Amino acid sequence: MVDAVAAGFALGVAPVLEETVFRAGLQESLLRRGAPGAVSVLLTAGLFAAAHALLRPGPWAWATAAPALLLGAVYLRGRRLWPCIALHALFNALWWGLLSPLV
């Protein structure tokens, strides 16, 4: 039961919440205030990784900056949230299935 709840959170709840806060919230706010696209992507990805590092300290938390850069670029290109949520869920599924057993 715990695994099902954790998987539901990682694949459903977390992508929706995190992308809403970081892409539709922070990155969109930076863009609307005139920040260049690259700056909005870099700052948002850095804060995304920092938030993960606060919750789960360690180098793997900081590694979330790499996919966050891609998520930021996807958001910047279309300014639509759902592609970012879907990609985030995919990243979480890959982490869960491929990388987390190795760590």
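Procedures and definitions
Starting afresh in each chain, residues are numbered from 1 along the sequence in its written order. Totals for whole chains, interfaces and linings use all residues, but because this is a predicted model, local features are given only for residues with pLDDT of at least 70 and pairs of side-chain atoms are given and counted only at 80 or more. No hydrogens and no water enter the side-chain calculation; it runs on all heavy atoms of the structure. Scored from 0 to 100, pLDDT reflects the predictor's confidence in each residue. Helix and strand labels come from DSSP, where a helix needs a run of H or I of at least four residues and a strand needs a run of E of at least two; each type is numbered from the N terminus. Like-charged residues within 9 Å of one another, or nonpolar side chains (Val, Leu, Ile, Met, Phe, Trp, Tyr) within 5 Å, are grouped into patches, provided each residue has over 30% relative accessible area and no salt bridge. Only the protein chains shown count as cover for residues, and the accessible areas themselves come from Shrake-Rupley with a 1.4 Å probe. Salt bridges are counted wherever a side-chain nitrogen of Lys or Arg sits within 4 Å of a carboxyl oxygen of Asp or Glu. Relative accessible area decides the class of each residue, using a 1.4 Å probe on protein chains only: under 20% of the type maximum gives buried, over 50% gives exposed, and in between gives partly exposed.

1. Examining the confidence of the model for the protein chain
- Mean pLDDT over the protein chain stands at 89; residues scoring 70 or higher make up 92%.
- Element-level pLDDT for the protein chain is lowest in helix H3 (residues 59-62), with a mean of 86, against a maximum mean of 97 in helix H4 (residues 65-78).

2. Comments concerning a nonpolar patch on the surface
- Together, Phe9, Val13 and Leu17 make up an exposed nonpolar region whose accessible area comes to about 280 Å².
- Relative to the helices and strands, Phe9 resides in helix H1 (residues 2-32).
- Relative accessible area serves as the criterion here: at 47%, Phe9 is assigned to the partly exposed category.

3. A word on the pattern of salt bridges
- What the rule picks out here adds up to 3 salt bridges.
- For the salt bridge of Arg23 with Glu19, the shortest nitrogen-to-oxygen distance reads 2.7 Å. Here Arg23 and its partner Glu19 are both found in helix H1, 4 residues apart, which amounts to about one turn of the helix.
- For Arg32, the salt bridge goes to Glu28, with nearest N and O atoms at 2.8 Å. Taken together, the positions of Arg32 and Glu28, both in helix H1 and 4 residues apart, correspond to about one turn of that helix.
- Judged by relative accessible area, which is 68%, Arg32 ranks as exposed.
- Under the relative-accessibility criterion, Glu28 is labelled buried at 8%.
- Overlapping salt bridges bring together Glu28, Arg32 and Arg79 as one network.

4. As for unusual backbone geometry
- With a phi close to 50 degrees, Arg79 is a non-glycine residue in the positive phi region.
- On the secondary structure map, Arg79 appears in the loop between H4 and helix H5 (82-99).
- For Arg79, a relative accessible area of 41% puts it in the partly exposed group.

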